[in-house]
Amino acid sequence: MLAFLLQVNAFVKSGQIFPFAVFMLWVWFLWLLRITLAAQYRPYQAAHQVRTSVVVPVVDEPEELFREVIGRIREQHPDEVVVVINGPRNEILEKICTDLDVRWVWTDIPGKRNAVRVGVGMSSGDVVVLVDSDTMWTGGTLRELVKPFRDPKVGGVTTRQRILDPTRTVLTRWADWLENVRNEYSMPAMSVLGTVGCLPGRTIAFRREILVRYMDRFLSERFLGVFLEVSDDRTLTNYTLQAGYRTVYQSTSLVFTDAPTKLAKLARQQYRWARGSQYNTLRMLPWMLRNAPVLAVMYLSDIVVPFILFGCFINWGVAIATGRKAELYGVLMLPESSWQRVGIILALTALMTLASLGLRFGRHFAYRAADIAYLPIFMVINTVILMPVRVLGFFRMAHNAGWGTRSGGFAGERRRNPMLVLPYILGAVMMCGAVLLGG
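Okay, so let's go over this structure. (Residues numbered from 1 in each chain as written. Predicted model: local features only at pLDDT ≥ 70, side-chain atom pairs only at ≥ 80, totals over all residues. Heavy atoms only, no water.)

## Looking at the nonpolar core
Counting residues in each nonpolar core, the largest one holds 40 residues, and the members touching the most others are Trp174, Trp177 and Phe307. Counting residues per element, this core draws most heavily on helix H14 (residues 375-395), which supplies nine residues. Contact partners of Trp174, with chain neighbours within four places excluded, come to Leu266, Gln270, Phe378, Ile381, Asn382 and Leu386. Residues Leu241, Met284, Leu295 and Ala296 belong to the second largest nonpolar core, which totals 36 residues. (Core = buried A, V, L, I, M, F, W, Y, C linked by side-chain atoms within 4.5 Å. Buried < 20%, exposed > 50% of the residue type's maximum accessible area, 1.4 Å probe, protein only. Helix = DSSP H or I, 4+ residues; strand = E, 2+ residues; numbered from the N terminus. Contact = heavy atoms within 4.5 Å.)

What follows is the structure, given as structure tokens:
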């Protein structure tokens, strides 16, 4: 943010155009676009009666957690609940299903996609609700979730999602911050346009006819010649949009989910999400450019921003080491000592970045004011973990790795494929361009 303001100042004085300043203006434009669209969002209000089937794929969960998850679902009286246990046999989960009088089936084929296939095949409702096995429903989750289906143009609906007991650790606070930012800005904005690009998989509802129509493709579609298990929710959202339906967010339907409390598990989770999001963006890009250009811009920006930031860091490091571009900082009246200059520049950079984040994501801090004190830590996590993970996820998005956070889950496949080099080439080109832009 500091470099952006200094470059704007230099432009006003000399007319010199800085590519990084243009990029930052684009970032702020997208933020304003989200704010403007989100202000128009309203949840669906009219009640709607429809036959519902809840499908819960599960590999392993703590006994008490899974019992409460299923119990809360049953309390809301869906027409049927189907639990699909995939991978190794799990007699504890089987017993819980039996105790709660819930239909269950075991398949020895690991992987959520196959579990969804089995569950949809056993279901009979007009609307199928897919629920992650660690997601807690709140009162009225199902009643509110089905309201948008009153509109025959709506094909998929997602909930408002928050983190269970977010004050446990810094990581759970950070995860809750990210969820709330998405709930307050991105999801409402995309919902106004009827093109929520990814209906998150913790609890999502689809018209059953869509799932049945695209099931074979869901189980076999490849990216660069590789079948990818990850990002099943984004893939099903893609199919819903391609079928001509609207995908929307229902803020009055609330669920809670857990978040990693260990750094390694958090990194693996974010890596899986980064791979899935980016390969689906590229696969869906032609459709988005033709039918949902705003969505295309938002998702392409999500890919590009981490590369641009990397390019900026590289350039700033070179500038500090060599003294290059010192004239840009001349307006700050810095001391003579080089170390003092560097320290003041870094401190101002951090301060301006914090101010930028506080302004852009003020809705969350209005809701949870105590998180303002954690904003510097959130910024470090974003910079040190999230940004590198997203860049790595781009380079390796076509690798069919395992699930990463579930023992006994889908393990991935290892096979030679010359197409896997393409993301590396494209990523290298983007990195070089980012360095030039950041300069």
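And the narrative resumes.
## Overview of the pairing of strand E3 (residues 103-107)
Successive residues of a regular strand alternate their side chains across the two faces of the sheet. Two elements, strand E2 (residues 80-86) and E3, share five bridges in a ladder whose sense is parallel. If you follow Val84 over to E3, its bridge partner there is Val105. One crossover worth recording links E2 to the parallel E3 by way of helix H4 (residues 91-99), and it is right-handed. (Pairing = 2+ DSSP bridges. Right-handed = clockwise from strand over helix to strand, strands pointing away.)

## Focus: the packing of helix H5 (residues 112-122) against helix H8 (residues 208-220)
For the pair H5 and H8, interaxial distance at closest approach is 10 Å and the crossing angle is 145 degrees. For the crossing formed where H5 meets H8, the hand is left-handed. Residue-level inspection shows Arg113, Asn114, Val116, Arg117, Val120 and Gly121 of H5 in contact with H8, the latter providing Arg208, Leu211, Val212, Met215, Phe218 and Leu219. Taken together, the residues of the contact of H5 with H8 break down into seven nonpolar, two polar and three charged. (Axes fitted to C-alpha atoms, helices over the stretch in contact; angles between N-to-C directions. Left-handed = near helix turned anticlockwise from the far one by under 90°. Nonpolar A, V, L, I, M, F, W, Y, C, P; charged D, E, K, R; others polar.)

## With respect to the pattern of salt bridges
With the rule as written, the count across this model stands at 21 salt bridges. Each of Glu63, Arg67, Lys95 and Asp99 takes part in a single network of salt bridges with overlapping partners. (Salt bridge = Lys/Arg side-chain N within 4 Å of Asp/Glu carboxyl O.)

## Considering empty space enclosed by the protein
Tallied over the entire structure, the rule returns one cavity of 30 Å³ or more. Considered as a void within the structure, the largest cavity measures approximately 40 Å³ in volume. Taken together, Arg217, Glu221, Thr235, Asn238, Tyr239, Gln242, Asn280, Arg283 and Met284 make up the full set of residues lining the largest cavity. Among the elements of the structure, helix H9 (232-242) and helix H10 (263-291) are those that each provide at least two residues to the lining of the largest cavity. For the lining of the largest cavity, the leading source of residues is H9, giving four residues. The residue makeup of the lining of the largest cavity, split by class, is two nonpolar, four polar and three charged. (1 Å grid on protein atoms, 1.4 Å probe; cavity = no way out; pocket = protein on both sides within 12 Å on 5 of 7 lines; lining within 4 Å. Points joined across faces, edges and corners; volume = space filled by probe spheres on them.)

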